[in-house]
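This is what each chain is made of:
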Amino acid sequence: MLETRFGSAQLYETIFHNTRESILITDGQGKILLANKIFLAQLKLQEQEVTGKKLKEFVSPTHKIPSSFEQIWASLRSKKSWQGDLCIRGKENLSPLHVCIKPLAAPDPISRTLYLFSARDISLATDTVDRSLAYFDQLTALPNRFLFKKKLEHALEQGKRFQFNIGLLYINLDNFKYINKSYGYRAGDELLMQVSRRLETSARKADILGYFGGDEFVVALVNISLPRLAATIANRFLVKISLPFLVQQEKFNLGASIGISVFPSDGSDYETLVNSAETAMHSLKDQPEPENSYRFFQQEMNFDSSIRLRLESDLRKALDKEEFELFFQPIVNLKSQRISGLEALLRWRHPQRGLVAPNQFIPIAEELGLIIPIGKWAMQSACRQAYAWQLMGIDPLEISVNLSQIQFRDKDLLGKIKAIITETGIDPSLLQIEITESSISEGVQAAVAVLNGLKDLGVKIAIDDFGTGTSSLGTLKNLPVDTLKLDKSFIRSLPESSNDQAIVQAILSLGKIMDLKVIAEGIETREQLEFLQGTKCDAYQGFYFSHPLPGKEIAELLQNEILK
Ligand code: C2E
Ligand code: MG
Ligand code: MG
């Protein structure tokens, strides 16, 4: 491959492996044909783990990139090179890289075009210019998605600790596409730069600005005393944007649509907040005449007719397009502080919206009846994954899978679970099914029959979000349940709230009397954990120990546990 006109392939190979940059050669589908040693060393990967794989597999899915892969390859196919920031996932690390991909002239006219991927890991560089390449958009000089995410996540941690509000403004410019088309990209770029400067001068020092590409900007308003202040500030941005711009001696008028979400009421993590603000923005855009205005996110917006229709049609295809993923959250034994189980939590990786949380799509899937095949996929994948970890030498762990009320009422539920157990080889006593109180309270007779059927299969049963529903304790006594999962709403105000302390203690005592295992959900602080350690609680899960993580990262966590 490195045949040269000097006839010294060896010389070229030495150069290939000894530059400062990571280099890959890929084919037109992004399949890696060659990787240099710098790339392998940087990501702590072996050559055989890389060659033959698609480049896409190494791009971290948790860090949205400005352009989709399809856009990157489309721009490459038209013979242009592509430059930008990608976050590449190695064995143990993530590296933000500044990447340049170029088509290479084919070695001979018959063979396919090859692509040269060269990249610099800029996160480690001390050079501030290099650093800025990794984290800042080159055109607007604003933080890119990667840096914005990092900063907002940091602010969210502070917000949780010191209990302040964060407003998130998702800004989409009106008319921009028209200007770009009619006056050309240079005018468009100039306009984007001017918009960025206006946003910067209108923001407070504590606010976090970001540019998401295209005509989309974000601003996180850190520590606002009242959620509705986000509207006042959004208005200020709107006024600034609606003042005329002067570009290449032409006057332009722009407007914007701003979607607003607020921490903690609309979400407590980055993905949910951004998705919610984006949804609010789209609900404005979907109006026939989008006007210069803002709108707060409302839960019902997920059900807003046009957004809902789009989501519905995307959701119908999502299973076939393999867009679902499972994340896993460790359940930790309170005494030993070791991981005793994992809860499988469903995620939908939507091509445009990014990671969509289950609360945003499960209600729709339930209404459409799609929850039955989706739920089956989730259970199948969770069991397969659990069995695969066992084969990797990880001690068998209990795996919990959530079951929707609709699945619980499915006549063929037992048959489906039985088939999954047989097909995946999982030991049924390691499978725990989580059902909500409402699955039981609406039709106790039928519920008892299903629960007994599940018991006969050898699986365990947990009541999820316990304490929020209406199931009577008397009913619970007669059910073959193994575990209660104490809802996170009782944990939130611990240890300060003496009321919640009393409720938690009461539920724990009840659990013990009924010989049930109790797992506390939503442990976010050390103080909450310490409170539980003085109680009869058996296990806990929550952000304090670990957020839900993709399977790959959980495997690493479990392997580290073995070494402890
Ligand atoms: P759940 O079963 O009660 O799952 C726990 C939820 O609490 C998860 O939200 C998890 O990310 C979140 N959580 C964990 N630790 C903390 C914490 O310390 N603080 C806070 N504030 N939250 C924490 P997630 O993943 O968004 O799931 C939401 C709900 O969606 C689940 O609640 C479950 O009812 C449903 N769900 C998830 N996966 C599936 C599935 O495969 N099938 C069905 N039917 N429902 C699912
Ligand atoms: Mg659950
Ligand atoms: Mg729960």
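Residues numbered from 1 in each chain as written. Chains lettered and ligands numbered in written order. Predicted model: local features only at pLDDT ≥ 70, side-chain atom pairs only at ≥ 80, totals over all residues. Heavy atoms only, no water.

Novice: I would appreciate a short explanation of the nonpolar core in the present structure.
Specialist: The tendency in soluble globular proteins is for nonpolar side chains to be buried side by side. The biggest cluster of nonpolar side chains holds 75 residues, and the ones touching the most others in it are Leu342, Met379, Ile417, Leu431 and Ile435. Per element, the largest residue contribution to this core is 8 residues, and it comes from helix α13 (residues 371-391). Contacts of Ile417, omitting those with residues within four sequence positions, involve Met379, Leu431, Ile433, Leu454 and Leu457. Counting 32 residues, the second largest nonpolar core, distinct from the first, contains Leu191, Ala203, Ala234 and Leu254. (Core = buried A, V, L, I, M, F, W, Y, C linked by side-chain atoms within 4.5 Å. Buried < 20%, exposed > 50% of the residue type's maximum accessible area, 1.4 Å probe, protein only. Helix = DSSP H or I, 4+ residues; strand = E, 2+ residues; numbered from the N terminus. Contact = heavy atoms within 4.5 Å.)

Novice: Looking at this structure, how should I read the site of ligand 1?
Specialist: Close contacts around ligand 1 come from 25 residues, with Arg347, Asn402, Asp464, Glu524 and Phe543 the closest. Between Asp465 and ligand 1, the recorded distance is 2.9 Å, taken from a side-chain N or O atom to an oxygen atom. Burial of ligand 1 by the protein chains amounts to 87% of its free accessible area of 800 Å². Elements represented by at least two residues in the shell around ligand 1 include exactly β14 (339-350), α12 (358-368) and β18 (460-466). With 4 residues, β14 is the largest single contributor of residues to the shell around ligand 1. Its residues placed into classes, the shell around ligand 1 shows 9 nonpolar, 8 polar and 8 charged. (Near = heavy atom within 4 Å. Polar contact = N/O pair within 3.5 Å; in protein donor to acceptor, adjacent residues only side chain to side chain. Areas by Shrake-Rupley, 256 points an atom, 1.4 Å probe, with all protein chains shown as cover. Nonpolar A, V, L, I, M, F, W, Y, C, P; charged D, E, K, R; others polar.)

Novice: Sorry, what's going on with helix α7 (residues 176-183) here?
Specialist: Three- or four-residue spacings in an α-helix give side chains the same orientation, since the helix completes a turn every 3.6 residues. Among the residues of α7, Phe176, Ile179 and Asn180 are the ones counted as buried. Seen along its axis, α7 keeps its buried residues to an arc of 100°; they face one direction. Pointing more than 90 degrees away from the buried face of α7 are the exposed residues Lys177, Tyr178 and Lys181. Looking at the buried positions of α7, the neighbouring elements they touch are β6 (165-174), α8 (185-202) and β10 (250-252). Once α7 finishes, Gly184 follows within two positions and takes phi at roughly 95°, a positive value. (Arc of directions from axis to C-beta.)

Novice: Looking at this structure, I do not really get the sheet that holds strand β12 (residues 293-296). What am I missing?
Specialist: Note on sheets: strands pair through backbone hydrogen bonds, and any given pair is parallel or antiparallel. A sheet is described by the order of its strands in space; here 5 strands give the open sequence β7-β8-β6-β11-β12, paired in mixed fashion. Each edge of the open sheet carries a strand with a single partner, namely β7 (208-213) and β12. Put simply, the sheet's adjacent strands are angled 20° from each other on average, direction ignored. Both β6 and strand β11 (residues 255-263) contribute to a ladder of 9 bridges, which runs antiparallel. Among the inter-strand pairings, Ile166 is bridged to a residue of β11, identified as Phe263. Packed on one face of the sheet, α8 meets β6, β7 and β8 (216-224) and runs near 5° to β8. Running at roughly 145° to β11, helix α10 (residues 270-285) makes contact with β6, β7, β8, β11 and β12 of the sheet. (Pairing = 2+ DSSP bridges. Axes fitted to C-alpha atoms, helices over the stretch in contact; angles between N-to-C directions.)

Novice: Help me understand the coordination of the magnesium ion (ligand 3) in this model?
Specialist: Six octahedrally arranged donors around a metal ideally form angles of 90 or 180 degrees; four tetrahedrally arranged donors ideally form angles of 109.5 degrees. Around the magnesium ion (ligand 3), the donor atoms from the protein are Asp464 (OD), Asp465 (OD), Glu521 (OE) and Glu521 (OE), and they sit 2.1 to 2.5 Å away. Separating the magnesium ion (ligand 3) from the magnesium ion (ligand 2) is a gap of 4.0 Å, which Asp464 spans by donating to each of them. Separated by 57 residues along the polypeptide, Asp464 in strand β18 and Glu521 in the loop between β20 (517-520) and α20 (526-533) bring together distant segments of the chain. We note that Asp464, like Glu521, is buried. (Donors = N, O, S within 2.8 Å, 3.2 Å for Na, K, Ca; no water.)

Novice: I keep staring at the packing of aromatic side chains and nothing clicks. Help me out?
Specialist: The geometry of an aromatic ring pair is captured by two quantities: the separation of the ring centres and the angle between the planes. Under the criterion given, the structure shown has 13 aromatic pairs. For the pair Phe324 and Trp377, a centre-to-centre distance of 6.3 Å together with 45° between the ring planes defines the contact as tilted. Placement of Phe324 in strand β13 (residues 324-333) and of Trp377 in helix α13 is noted, with a sequence separation of 53 residues between them. In this structure Trp377 comes out as partly exposed when scored by relative accessible area, which is 26%. Ring pairing ties together the aromatic residues Phe148, Tyr170, Phe212 and Tyr270, which thus form one cluster. The cationic tip of Arg145 hangs over the ring face of Phe212; the distance from NZ or CZ to the ring centre is 4.1 Å. In this structure, Arg198 packs its charged tip against the face of Phe245, placed 3.6 Å from the ring centre. (Phe/Tyr/Trp six-rings, centres within 6.5 Å; stacked < 30°, edge-to-face > 60°. Lys NZ or Arg CZ within 6 Å of the ring centre and 35° of its normal.)

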